[in-house]
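Coordinate inspection notes
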Amino acid sequence: MRVVSQSVRVNEPGERLRLTRDDVWAALERKAENAVPFVAAMDECTVLERTANGLVREVVFHGERVREEVVFHPKARVSFLRNDERGAWVIHNDIEEDGDGLALTFRGELQLGDGPDEDAAAERMRSGYLRALQATLRLAREAVREAR
């Protein structure tokens, strides 16, 4: 099992439009519903069913069709779980807070194996999720601006 993690500050110093936990949460809910605008490597995202605490969706990621269970932990975490014959992962998007303010963190626990190909895949995932975190915050700011 590999662990890949990346974190970004929600509000950088000097940021004019300060996002709240509620703003980031709303963006994570939109991302769960339709991740295509948030994740560059995602071509499709279809909600198949809704559950008491989340949803089940089918995504096409790097050309591979994958079914994911999405679990909401309101205003704190969204978890994406895949477990099929081709692979398994648990991905968490966490809204965290410390003395410096809010942070958005991606943490992926992936069954990739060992070796240079798997190392490269883990690095691609880490850098891809950095871009997805940045897109999440950009789209959250756009939504807040449009709501004003």
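Let us look at the structure shown here. (Residues numbered from 1 in each chain as written. Predicted model: local features only at pLDDT ≥ 70, side-chain atom pairs only at ≥ 80, totals over all residues. Heavy atoms only, no water.)

**With respect to the pattern of salt bridges**
Here the idea is simple: oppositely charged side chains can pair when their charged atoms come close. Within this structure, the stated rule accounts for 15 salt bridges. Note that Arg 50 is salt-bridged to Glu 33, the shortest N-O span being 2.7 Å. You can see Arg 50 sitting in strand S2 (residues 42-51) and its partner Glu 33 sitting in helix H1 (residues 21-33), a full 17 residues away along the chain. Arg 67 is the salt-bridge partner of Glu 49, the closest N and O atoms lying 3.9 Å from each other. Taken together, the residues span a long stretch of sequence, with Glu 49 in strand S2 and Arg 67 in strand S4 (residues 64-73) at a distance of 18 residues. By relative accessible area, which is 40% here, Glu 49 ends up partly exposed. Beyond isolated ion pairs, a larger network of salt bridges with shared partners links Arg 9, Asp 98 and Asp 100. (Salt bridge = Lys/Arg side-chain N within 4 Å of Asp/Glu carboxyl O. Helix = DSSP H or I, 4+ residues; strand = E, 2+ residues; numbered from the N terminus. Buried < 20%, exposed > 50% of the residue type's maximum accessible area, 1.4 Å probe, protein only.)

**Observations regarding the sheet that holds S4**
A sheet is described by the order of its strands in space; here 7 strands give the open sequence S1-S7-S6-S5-S4-S3-S2, paired in antiparallel fashion. What marks the edges here is a single partner per strand, and that holds for strand S1 (2-9) and S2. Sheet twist, expressed as the average angle between the axes of neighbouring strands with direction ignored, equals 20°. Where helix H2 (residues 116-147) meets the sheet, its contacts fall on S1, strand S6 (87-98) and strand S7 (101-110), and the angle it forms with S1 comes to roughly 25°. (Pairing = 2+ DSSP bridges. Axes fitted to C-alpha atoms, helices over the stretch in contact; angles between N-to-C directions. Contact = heavy atoms within 4.5 Å.)

The analysis is restricted to geometry; functional conclusions fall outside its scope.
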